[in-house]
Amino acid sequence: MNRPSKQTVKRRLSAVPGASLLRKISAGVLLTFSSLPFTHAEDAAAPAVDPATSLPAAPSWLPPVTPMPDESAPASAAPTTAAPAGDAPQTDTTPLNTSSTAPDADPSAAPAPVIPLVQPVTSTITVAEMGQTNGLTLSGGQLQSGIIFTLPADEVVTNAHLSLALKISPALIARDTTLELMLNGQPLGNLPLNQSSNGGDVYDLDIPSAMVVSNNNLSFRVHDSNTMTCEKDQSDKYWVTILPTTSIGLEGQQLNIGRNLGNFPRPFFDGLQMQESKITMGFSAAMKPGDVSAAAMVSSYLGMLSDYRSVDFPVILNDLPDQNGILFGKPGDKIGSLTLPASNGASIQIIDNPINPVYKLLLVLGNDDNELRQAAYRLISGGMPNNAERLDVTQQTIPSSKPYDAPRWIDTSRPVTLGELAGKDPDSLISNGIYHDGIQVAFRAAPDLFMWDGHNIPVRIDYRFPTENWIDEDSSRLNVSINSNFLRSLTVNKVGLVENIWRRLGGDSRQERYTLQLAPYLIYGDNQLQFYFDIRPKKDAPCSILTSDNIKSRIDPKSFIDLSGSYHFAQLPNLSYFVGASYPYSKLADFTDTLMLLPEVPSAGEIHTLLNLAARAGKATGVPVNHVQVAFGLKGDERNNALFDRDILAVTTLGDTPFNQQLLADSPFSVNAGSMGVKTPTQVQRIVAWLTGDWYRQPVDADRYLSSTGAWRGFVSYRSRWSNDHVVVVATGTDDQQLLKIHNDLKSPKINANVRGDLAIITDENGIRSFSVGQQFPTGQMPWYMMVLWYASTHIVILSLIATLVSLLIGLSLFVVLRRHAAKRLGQK
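What you are looking at is a predicted structure, and each value in this text was computed from that prediction instead of being measured.

Draft legend 1. Layout of the overall build of the protein. Check the secondary structure of the protein and you find 17 helices and 46 strands. Looking at the 829 residues of the protein, the share that counts as buried comes to 48%. The long-range share in the protein, meaning contacts at least 24 apart out of those at least 6 apart in sequence, stands at 79%. As displayed, the protein offers around 39,900 Å² of accessible surface, 52% of which is attributable to carbon and sulfur atoms.

Draft legend 2. Main features of the packing of aromatic side chains. Tallying each qualifying case throughout the model produces 18 aromatic pairs. Geometrically, the ring pair formed by Tyr-463 and Phe-465 is edge-to-face, given 6.0 Å between the ring centres and 80° between the ring planes. The same class applies to Tyr-463 and to Phe-465, which are both buried. Relative to Phe-591, the ring of Tyr-585 lies with its centre 6.1 Å away and its plane at 40°, an arrangement referred to as tilted. Comparing Tyr-585 with Phe-591 shows no difference in burial state: the two are buried. One aromatic cluster is present, built from ring pairs that chain together Phe-450, Trp-452, Phe-569, Trp-790 and Tyr-791. Here Arg-719 stacks its cationic end above the ring of Phe-777, 4.2 Å away from the centre of that ring. It is Arg-769 that lies over the ring of Tyr-705; its NZ or CZ is 4.7 Å from the centre.

Draft legend 3. Summary view of the pattern of salt bridges. Following the criterion strictly, the structure yields 23 salt bridges and no others. Linking Asp-352 and Arg-259 is a salt bridge whose minimum nitrogen-to-oxygen distance equals 2.6 Å. Remark: Arg-259 occurs in the loop between β14 (247-255) and β15 (277-278) and Asp-352 occurs in strand β22 (residues 347-352); sequence separation between them is 93 residues. Taking the shortest distance from any N to any O, the salt bridge between Glu-420 and Arg-414 comes out at 2.9 Å.

Draft legend 4. Expanded view of the environment of Gly-282. Along the chain, Gly-282 turns up in strand β16 (residues 280-283). Residue Gly-282 is classed as buried on the basis of its relative accessible area of 0%. Distance from Gly-282 to Gly-329, taken between C-alpha atoms, is 8.8 Å for residues 47 residues apart in sequence. In this structure, Gly-282 is in contact with Ile-316, Ile-326, Leu-327, Phe-328 and Ile-335, ignoring residues within four places of it in sequence.

Draft legend 5. Main features of the sheet that holds strand β9 (residues 177-183). The antiparallel open sheet is built from 4 strands, whose spatial order is β7-β12-β9-β10. Every other strand in the sheet has two partners, leaving β7 (144-150) and β10 (186-192) as the edge strands with one partner each. Sheet twist, expressed as the average angle between the axes of neighbouring strands with direction ignored, equals 20°. For β9 and β10, the ladder comprises 6 bridges, and the chain directions are antiparallel. Within β10, the residue paired with Met-182 across the bridge is Pro-187.

Draft legend 6. Representation of unusual backbone geometry in the model. Cis peptide bonds are those with omega within 30 degrees of zero, and the linkage from Arg-266 to Pro-267 qualifies with 0°. Cis geometry marks the peptide bond from Tyr-583 to Pro-584; its omega dihedral reads 15°. Along the chain, the position of Pro-584 falls in the loop between α8 (575-581) and β37 (594-598). Here Ser-582, not a glycine, exhibits a phi torsion of approximately 55°, which is positive. You can see Ser-582 is positioned in the loop between α8 and β37. For Ser-582, a relative accessible area of 7% puts it in the buried group.

Draft legend 7. Structural view of the environment of Asn-134. Structurally, Asn-134 is set in the loop between β5 (118-126) and β6 (136-139). You can call Asn-134 exposed: its relative accessible area is 67%. Each C-alpha atom, one on Asn-134 and one on Thr-245, is 9.4 Å from the other, the two residues being 111 residues apart in sequence. Every residue in contact with Asn-134, bar those within four places of it in the chain, is listed here: Thr-241 and Pro-244.

Draft legend 8. Just helix α12 (residues 699-707), in detail. Looking only at α12, the buried set comprises Pro-699, Ala-702, Tyr-705 and Leu-706. End-on, the buried residues of α12 take up no more than an arc of 130°, which puts them together on one face. α12 presents Arg-704 and Ser-707 as exposed residues on the side facing more than 90 degrees away from its buried surface. Contact partners of the buried residues in α12: β41 (675-678), β44 (759-763) and β45 (767-771).

Draft legend 9. Spotlight on the pairing of β45. In terms of strand pairing, β44 meets β45 through 5 bridges, oriented antiparallel. Residue pairing for β45: Ile-762 is matched across the bridge by Ile-768. Between β44 and β45, which follow one another and run antiparallel, lie 3 residues.

Draft legend 10. Fine view of the packing of helix α4 (residues 289-306) against helix α5 (residues 369-381). Where α4 meets α5, the closest approach of the two axes is 8 Å, and the angle between their N-to-C directions is 10°. Taken as axis vectors, α4 and α5 run roughly parallel relative to one another. Residues Gly-290, Asp-291, Ser-293, Ala-294, Met-297, Val-298 and Tyr-301 of α4 form the contact with α5, whose own contacting residues are Asp-369, Leu-372, Arg-373, Ala-376, Tyr-377, Leu-379 and Ile-380. By residue class, the composition of the contact of α4 with α5 is 9 nonpolar, 2 polar and 3 charged.

Draft legend 11. Here's a closer look at the packing of α4 against helix α9 (residues 604-621). Two elements in contact, α4 and α9, have axes separated by 7 Å at closest approach and are oriented at 45°. When the axes of α4 and α9 are compared, the pair comes out oblique. Crossing of α4 against α9: the hand is right-handed. Touching Val-292, Ala-295, Ala-296, Ser-299, Ser-300, Gly-303, Met-304 and Ser-306 of α4 are Ile-607, Leu-610, Leu-611, Ala-614, Ala-615, Gly-618 and Lys-619, all from α9. When its residues are assigned to classes, the contact of α4 with α9 shows 9 nonpolar, 5 polar and 1 charged.

Draft legend 12. Structural view of the confidence of the model for the protein. In the predicted model, the protein carries a mean pLDDT of 82, and 83% of its residues have values of at least 70. Below pLDDT 50 for its whole length, residues 1-110 participates in 159 contacts with residues either more than four positions away or in separate chains.

Draft legend 13. Quick peek at a nonpolar patch on the surface. Taken together, the side chains of Ile-798, Ile-802, Val-806, Ile-810, Leu-814 and Leu-818 present a nonpolar region at the surface, about 530 Å² in accessible area. Relative to the helices and strands, Ile-798 resides in helix α17 (residues 796-828).

Procedures and definitions
- Residues numbered from 1 in each chain as written.
- Predicted model: local features only at pLDDT ≥ 70, side-chain atom pairs only at ≥ 80, totals over all residues.
- Heavy atoms only, no water.
- Helix = DSSP H or I, 4+ residues; strand = E, 2+ residues; numbered from the N terminus.
- Buried < 20%, exposed > 50% of the residue type's maximum accessible area, 1.4 Å probe, protein only.
- Contact = heavy atoms within 4.5 Å.
- Areas by Shrake-Rupley, 256 points an atom, 1.4 Å probe, with all protein chains shown as cover.
- Phe/Tyr/Trp six-rings, centres within 6.5 Å; stacked < 30°, edge-to-face > 60°.
- Lys NZ or Arg CZ within 6 Å of the ring centre and 35° of its normal.
- Salt bridge = Lys/Arg side-chain N within 4 Å of Asp/Glu carboxyl O.
- Pairing = 2+ DSSP bridges.
- Axes fitted to C-alpha atoms, helices over the stretch in contact; angles between N-to-C directions.
- Arc of directions from axis to C-beta.
- Parallel < 35°, antiparallel > 145°, perpendicular 65-115°, else oblique.
- Nonpolar A, V, L, I, M, F, W, Y, C, P; charged D, E, K, R; others polar.
- Left-handed = near helix turned anticlockwise from the far one by under 90°.
- pLDDT = per-residue confidence, 0-100.
- Patch = residues over 30% accessible without salt bridge, like charges linked within 9 Å, V, L, I, M, F, W, Y side chains within 5 Å.

Okay, structure coming up:
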């Protein structure tokens, strides 16, 4: 049989006014896929939407809207937004100059400015972006499941459609089954699961826009007229997968929510945005390091809020963004056509974007670096006042972090319960029914945790299976794994002859507690414990229990993981620590001991990369980088500069040869004419490396790879020449275009997993290659006796030479003593 051509099923609802549409929905007048003709997806055109007629009523949280009093305005002109009710404008009367040469406007000569209420927006959200990177599979007894997706609160959807891509098992195709789709509990339609619907075909379905809200649940259910639910252990035979390329296309309108600091971080960042958030940062042509320091603080805070979602910080210099943006500078600085308003001290202000008033600009202002830091700290340290457009910031003390106090890192001073790690949702440690998702407990750890070989991490698991007589207790298991590494299957009952006899006599032999011994190397910077209750029903179990959600299996919140036997100790440089948890900079989570270094005249791409790295640090630790310092360029006298007595994170491109040559002086790396290389070790360095057991360096291989590679980006790291106790990491690329690709590179688990050593090179053709070229040095603290053992184990050649020398000295001494003793004895004779 020939494979059917790619087809689509189209479902169109007639265009009706909003009230009529809602009446049709409530009446349940919904068409099914089976009653509609097949058409190609590329032939279907979405109906045009007229914003003037299709805009739904504004939500109650929006500021009130009143029509413009100017009757001379055209009838088609959009109305303007009045000031939010209850707003109390601040006393600052300095005008915002949007043109330095524009004459004063004559109110009688021109109509009042038109402020649009909405801005058209479009987006497409895939199932992969909804969190199901491998798609969603319905199989066996789990014939129903769903996906949650969210939309920004200040967007109103006017048109929506679903593009559904499926993969169906041959056995399921042969049955009389249909796939029912529902959105927020309301049916959307049914699709017959037959041969014509398999093979990666894409089916399009129009969704009534009134059904799409900020929080949505898109669910799928397989209907089987032949009662497939009673067929046990058929999950590998009957299944349908909603592929990760399935997507929801949305057309809507961005609402003008008014100038209100109380909305922050909206509209610049919305936690309901599932796709990557792009938050533009703007600076003047007279940008100073303090401006970038303040921007790094705000970026790290927004990165902290984004958590598992991606966030990006494009940078523009001396220009205004087309949409929302955050601007940093001193009063009087010009950014594009905007002159920053005067301020007596640190202040924060939100204004309409002169390019398009639907979008907003947040101004973070200060007359010096300290005031800018104060303004940025006030913005991110607490809620902003509601119904206010401007806030004057008073001086306050910014608290400092202590080593390893990041709130997102697991406490290593005591056992930590899984209830603490699970957070505020107690149901996250409970599985409902027989067919369910696994229980996942995520936690982050400092990447420099160290335990001696033979020592393990205890993980105590308290668990409970359902007490039902239809459960096959001999076959059911609790499977435990960490970071996809299988650890152990825990039984329902205790195993052993005595326990088995006792259970058959009616005694209680349930095993509800077990302590795992976890190998230290299984713990990473970002970890996930996984528990799956594999419940097997007996052959005579009733069909009703297979789909019942009233059956609960649970992990006790008092279960714990105990890292108190570990130490903070590592060898640096190690780039895997940096990409995993921004270590060593995140040791003090607020970057108190960190300097961010840029060229003397940094480009927008270099600042962009630096802000993205600051956001990654905030995401890893849960703390903004409130005490970070930023410097531009090197002047050659930094050895006595206290600013350089710390860990340094530098961002540069290879084209800035003078700066790079200064930066990489006294390091294993060199830069000449925009090309990086690795210095050839001297004979003394080779001998030292051999004696210290450092036999795995690859300077020659790394230099050859660099010399044969054109465009690349990546990281280099080495011991700081300004402070032997600190490290330097340089994010670099052959040009700005390559440098900006680092952001997407670090979102790839494959690239993250392969960054190691002190040189990581990423290319579009070969992916990631890592090398170790320089000498590492120890950092951290351990008891003195463990340090002795560690040095002995890592410096085996020196230990062998010392042992040989000691043996030789002892042997010679004994030889001399014994020879004298023998001579004396012979002389007496």
